[in-house]
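Residues per chain are reported as follows:
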Amino acid sequence: MDFSTFSKPLYLSGLANKITPVINCFSRINPDTKRKLMMRIKLITILLFAACLHLSASSFSQSISISEKNASLESVLNKIEQQSGYDVFLQTELLNKSTKVSIDVKNTPMDKVLDKIFKNQPFTYAIVGHTIVLKEKTAVKTATVITSAAAASVVTGKVVDADTKEPLVGASVLLKGTSKATSTGLDGSFKLDVSESTNPVLVFSYIGYVSKEIEAGDKTKLGEVGLKSSATGMSEVVVNGDVAIDRKTPVAVTTVGPQFIEEHIGAQDIPQLLVGIPGVMVTAQGGGYGDSRISIRGFSSKSGNGNVAFTINGIPVNDPETGAIYWSDFSGITDVASSIQVQRGLGASKIIIPSFGGTVNITTRSTDMQQGGYISQTIGSDGYEKTAILISTGLKNGWAATFQGSRNSGDGFADGLNFLGYNYFANVSKILTPNQTLSFNIIGASQTHGQRAEESIADFQQAPQGIKWNYYDGVKNGQEYNPYNNFFSEPLVSINHDWTINDKSSLSTVVYGLFGNGGGGGIAGSVPVANLPRIGNFYTPIDFDAIQRTNAASADGSASTYIDDSHDQTNWYGLRSTYRTLLGKYIDLSVGIDLRYYVGNHYDEVHDLLGADYVQYNYSGSPALGTASGDINNPVYNAVVGSKIDYYNRDYVESGGAFAQAEYSKNNFTAFATLSGSEDADKRTDFFNYLNSDPNQTSRWVNYTTYQAKTGANYNINSQMNIFANIGYLTKPPYFGNVFENYTNQINKSAITEKLFSYELGYGFKTSDFSAKVNLYRTQYSDRAFASTYSDPATEQLYTANVSGVGELHQGAELELRYRPIKEISVGGMLSLGDWYYTSNAGPVSVQNNQGAVVGTVKQIYLKNEKVGDAAQTTAAAFADFSVLPQIKLGVVYNFYGNYTSYVPFQNYTSANLEPYKLPNYSLWSVNGVFKFKMAGFDSELIATVNNLLNTKYISDSEDYSGAGQASGVSVYYGLGRVFTTGLKVKF
């Protein structure tokens, strides 16, 4: 969650693991030892494969003695569990189909015993780790015999997603009963010789989709073959997902499917899967679990400036107060994602969301038609471990359910970045009638993880730990201890109802809620962090044991240093309903409502007194002066663990909107027009800065009216080429921190709605072996605002400088290429050239006191022609995938980042001709590999990833608050070094 609205910076960290009494760093190791260590790491990576296979092989050495006659399968398996220590995993309903077991063995290997037990059972089995996994044997279908005088010799067609009509690249097409097969090209097309079969039946399959058989007979052209996603197989619609369709929806869009996610995710955060998309910039920031940030076309996802929208099945999940995206809240979503779609620019969303730069929409699996699941185990560098399991019942008697869970843990790339997360997903669906489906979904994560602050380049270079150094890491009670830890849980719960009214009309409704609880720790007290004792020099850990001794010796028992937690407790509720109907033959009309309500409680509390009895936290704030410190209702206060201190406020955000979209589609031409409107309101209650009897303790509602209007068209010139264009005007309300000043209920009268005007042209070319996309965009961002608060030490008053009316221009060109010279090799790349800068100076800027009175002005903010920083304006990528053998696939990815300017708060441009620090260009290489095989009849795969293969040292994030452009004056994060994972996945 977000803590940026609080007056102090929070740099968070994770739970402590093992003690490192003296920080030994890699840079101190001599070169020979380094080489040996790296050779061992490489050897371990290679041996991981053998180790994973050994999970199955080693289990067979168990000896079993058992004598049973006409016993139930369940009782026999229980005895095997007792003797072997292995667990048996199966779906209970399989036992109902089992037959009686008679067996008499003594000191017999477990695999032999299991072979005898299951010889006449409708099951097969595999041993994964210390678990015996059971699965129903697949029944062999008998194809209907076709009598045909002249069967087809060559059959052609195109395989697509049945819902989105997106081509499925690399789908398998098999001539049933033979080994003859082919795979689809980049446009989904295929050609297969079936002359050796008199009654050809083609089997179509693709990962994440339900397989399909089609009797070709004497047909030579099958046309479009639509495969249904296995996650939406019971005709349930993912409600209001606003998914764009290639060669139809006139927006710049890139979609990654479940196979790409599975093969590339490794230990990465969600957005790091998207680095190969034009206009997308992703960094891991400090390297904390789930702390990555994303920018699209120069628009950021950062707190207080969140202009990248994030939706899950069409449900907006950006923080309502700041617009920020917190990936750690949904870190396990990649395990259940059926697709991740990035819509750049205006996008296809009908509702008003913070999508000035673009939208990331994740569609999760909801209902699996087929019974089954998987178990997986992944290990990696820096102590990374992940265990995951998924179970689907399949559709039975109108009911279907899918459950998934995983556990992630690790030490993190840098000191003090330990993390532990539990992720979960569940879907239960019911077909109410042939035309109605009801679905319940829950997805979330309960996690704790570490963060660290940006530091100077010089400190990272001089620290023995190098780029892994963490200024806030420490030692307490003989163990590593970093007090800056983020802990949060925020499940998303939704109920979806889909009703097909008739062949022309449908009604889709989702009711949802997000329930967040957690926060982040920090060091507080009268002693600055720079003056706290350390176990050695400046680069060694903070000595919290010494701090405890100091506090224990305090004459009055009070703490001079203590640990506090900043808490967020949030509840979001929403309803979105869409009615669709076909007007005539060619116009699809959608109308609907979008209602949202949010309340967030924010407060600070004492977490650890570090050996003291209490912390003295008397009220020293003044609503008259606009300061905020302590509780005015309890002015003399000795706080203990669990006591609220510093601040306590409740924020409200609500909105109600309506939308309408008309889409015209005939032959090769598609056009749409969307109009949306919303009334948004903010309110704030401050329990600490105002007396309980003060009517000003709760502010009035502050209202803003926002709307969006956009239109576009796509024309398919022929089966290979298409062109599109879109244009739109969007507005959105200012973020909560700009509505209220100085962390009080004082309303900022200068805050107004922000505007965006954008237009774009696109061209696409696609054949079976080559595809290309070109996009040109131009976006004008107007009335951007920022309320900067600062204090006057002489008067102890807080003031606000309201910078408003700031304009930006974001324009550029994007290119995507993909080529498949033979079916075993696929290569491609992208190039993105951006030109993002401020269009004019701002000012005069008014300076107000806490009562809203203007007490001064800043003549001018010198912004004109300055670059919009915080993202590389030139990015490029190249990739190659090699199917070495049918079972082995290798991939390599190259990424380049250039023309990258530091982040500078624009209110700091108080003099002309500033040139912020420009980050050095950098390039990164990554590789991955997949090996597919059978384990005791189960489909299994070994997946390995290595990111930053060459262990490149580079600056990924930089802040230049002076704007002077000197490397010595910036605070930076270095990017992650080499990170690798190896995982085994067994599907049943």
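Rules used throughout
Residues numbered from 1 in each chain as written. Predicted model: local features only at pLDDT ≥ 70, side-chain atom pairs only at ≥ 80, totals over all residues. Heavy atoms only, no water. Pairing = 2+ DSSP bridges. Helix = DSSP H or I, 4+ residues; strand = E, 2+ residues; numbered from the N terminus. Axes fitted to C-alpha atoms, helices over the stretch in contact; angles between N-to-C directions. Patch = residues over 30% accessible without salt bridge, like charges linked within 9 Å, V, L, I, M, F, W, Y side chains within 5 Å. Areas by Shrake-Rupley, 256 points an atom, 1.4 Å probe, with all protein chains shown as cover. Salt bridge = Lys/Arg side-chain N within 4 Å of Asp/Glu carboxyl O. Phe/Tyr/Trp six-rings, centres within 6.5 Å; stacked < 30°, edge-to-face > 60°. Buried < 20%, exposed > 50% of the residue type's maximum accessible area, 1.4 Å probe, protein only. Contact = heavy atoms within 4.5 Å.

**Q** Sorry if this is basic, but what is going on with the sheet that holds strand β13 (residues 252–256) here?
**A** The strands that make up a sheet pair up through hydrogen bonds in the backbone, lying either parallel or antiparallel. What the five strands build is an open sheet, ordered β13-β19-β20-β17-β18; its pairing is mixed. Looking at the sheet topology across the chains shown, the edges are occupied by β13 and β18 (315–316). Here five bridges tie strand β17 (residues 308–312) to strand β20 (residues 358–364), and the two strands are oriented parallel to one another. Along β20, the bridge assignment pairs Phe-310 with Val-360.

**Q** Which parts of the structure should I look at to understand the sheet that holds strand β10 (residues 201–205)?
**A** Spatially, β8-β7-β10-β11 is the arrangement adopted by the four strands of the open sheet, whose pairing is antiparallel. The open sheet has two edge strands, β8 (181–183) and β11 (212–215), and neither has a second partner. When the angles between neighbouring strand axes are averaged without regard to direction, this sheet yields 20°.

**Q** How should a nonpolar patch on the surface be read in this particular structure?
**A** A cluster of nonpolar side chains, Phe-669, Tyr-715, Ile-717, Ile-723, Leu-761, Tyr-763, Val-774 and Leu-776, forms an exposed patch at the surface whose accessible area comes to about 660 Å². At the level of secondary structure, the elements contributing two or more residues to the nonpolar patch comprise β43 (754–766) and β44 (770–792). One can find Val-774 in strand β44.

**Q** Sorry, what's going on with the packing of aromatic side chains here?
**A** Aromatic rings in a pair are described by how distant their centres are and how their planes are angled relative to each other. Tallying each qualifying case throughout the model produces 34 aromatic pairs. Considering the side-chain rings of Tyr-603 and Tyr-648, the 5.7 Å spacing of their centres and the 80° angle between planes classify their relative orientation as edge-to-face. Note that Tyr-603 is positioned in strand β34 (residues 587–608) and Tyr-648 in strand β37 (residues 644–666), a separation of 45 residues in sequence. A residue is classified by how much of its surface remains accessible, and Tyr-648, at 17% relative accessible area, is buried. In textbook terms, an aromatic cluster arises when at least three aromatic residues are bridged by ring pairs, as seen for Phe-460, Trp-469, Tyr-471, Tyr-472, Tyr-484, Phe-538, Tyr-539 and Tyr-974.

**Q** I'm lost on the pairing of β37 in this one. Help?
**A** Residues in a regular strand project their side chains so that they alternate between the two faces of the sheet. Bridge analysis of β34 against β37 gives 19 bridges, and the strand direction is antiparallel. Directly across from Tyr-597, in β37, lies its bridge partner Glu-654. In terms of strand pairing, β37 meets strand β38 (residues 669–686) through 18 bridges, oriented antiparallel. Paired with Lys-666 across the bridge in β38 is Phe-669. As consecutive antiparallel partners, β37 and β38 are separated by two residues, and within that stretch Asn-667 has a phi angle of approximately 55°, a positive value.

**Q** Looking at this structure, I do not really get the environment of Leu-950. What am I missing?
**A** Mapped onto the elements of the fold, Leu-950 is located in the loop between β53 (938–947) and β54 (955–959). Among the residues examined, Leu-950 registers a relative accessible area of 56% and is labelled exposed. Leu-950 sits 27 residues away from Gly-977 along the chain, and the two C-alpha atoms are 8.4 Å apart. In this structure, Leu-950 is in contact with Trp-925 and Arg-978, ignoring residues within four places of it in sequence.

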